[in-house]
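# Commentary on secondary and tertiary structure
Spelled out, the chains give:
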Amino acid sequence: MSAAFVIEPSLAEIIEIFTINHPSNRRICPVCGLVKRSVVRCMQQVYSEMINEPKLRAEVRSRLGFCQRHSDLATTVGDPLGNSILFADLVHHSKAEFAPTSNISRRVVKQPTYTCTYCDVEHDAQTRYLHALTDGLNSMHGLWDKLENSPAILCVAHARRLVRLLNKELVPQFNKIYLIQLEKLEDDLKEFIRKNDYRSIGETLGDEQLAWQQAISLFSKK
Ligand SMILES: [Zn+2]
Ligand SMILES: [Zn+2]
């Protein structure tokens, strides 16, 4: 790599994760982890700087709050005062629908959507990181070694999307690496099951005890 070669910031974050050579790095797909971090950072920024912005409150109101996943996240990332300010607004505007004078018929009541503002942030971050990874794999030979040797594996949904984005001639190379990673994961799951059998009492558990967490995260729906 020449000194003048500048790595795009999203790609630099991905490389950093691929380079962490620690078993705990197996718990989550690098893209999923970075997307989650983006959403958390965005939410933290909302609570620290933007909670009184009318535009933000109007957006939350018009989309009738957050989806279930991001409501759960808001209870842990958001502070009690920020959530009170945001939701007092929503509670106030929702009263009209149920007031005795309401003339909104059941036919025209707006149905809640199942996505929210943070789902949009998540979608944008996902696209950004996947494109950064694709560009990196299309142009940087050294990134393939990091992909192959990292304890972290892409989840199936992101692997599928990457295959659609990669230069066609690189797809067999990716599939070969991914297949080996799936085989290793399967072996680890089997090894963990074997060591939990009464015939294996006394055997020490190794990295394979983290395999089930990796398997769950590998198949989480996006
Ligand atoms: Zn993923
Ligand atoms: Zn959401």
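Please refer to the structure higher up on the page.
The sections below set out a description of the structure shown in this document. (Residues numbered from 1 in each chain as written. Chains lettered and ligands numbered in written order. Predicted model: local features only at pLDDT ≥ 70, side-chain atom pairs only at ≥ 80, totals over all residues.)

### Examining the overall build of the chain
The line we're drawing: For the purposes of this entry, the term helix denotes a DSSP run of H or I that reaches at least four residues, the term strand denotes a run of E that reaches at least two, and both are numbered from the N terminus. Neighbour counting defines burial: a residue surrounded by 20 or more other C-beta atoms within 10 Å of its own C-beta is buried, one with 12 or fewer is exposed, and intermediate counts give partly exposed, using backbone-placed C-beta atoms. Throughout, a residue-residue contact means that the two C-beta atoms, derived from backbone geometry, are no farther apart than 7 Å.
Looking only at helices and strands, the chain features 10 helices and 0 strands. Reading the chain from its N end, one meets helices and strands in the order α-α-α-α-α-α-α-α-α-α. Summarising its shape, the C-alpha atoms of the chain cover approximately 70 × 55 × 35 Å along the three principal directions. The buried share of the chain, reckoned over its 222 residues, is 20%. Long-range pairs, those at least 24 residues apart, make up 80% of the contacts in the chain with a sequence separation of at least 6.

### Comments concerning unusual backbone geometry
The phi dihedral of Leu 64 is positive, around 55°, even though this residue is not glycine. Within the fold, Leu 64 resides in the loop between helix H3 (54–62) and helix H4 (68–77). Residue Leu 64 is classed as partly exposed on the basis of its C-beta count, with 14 C-beta atoms lying within 10 Å.

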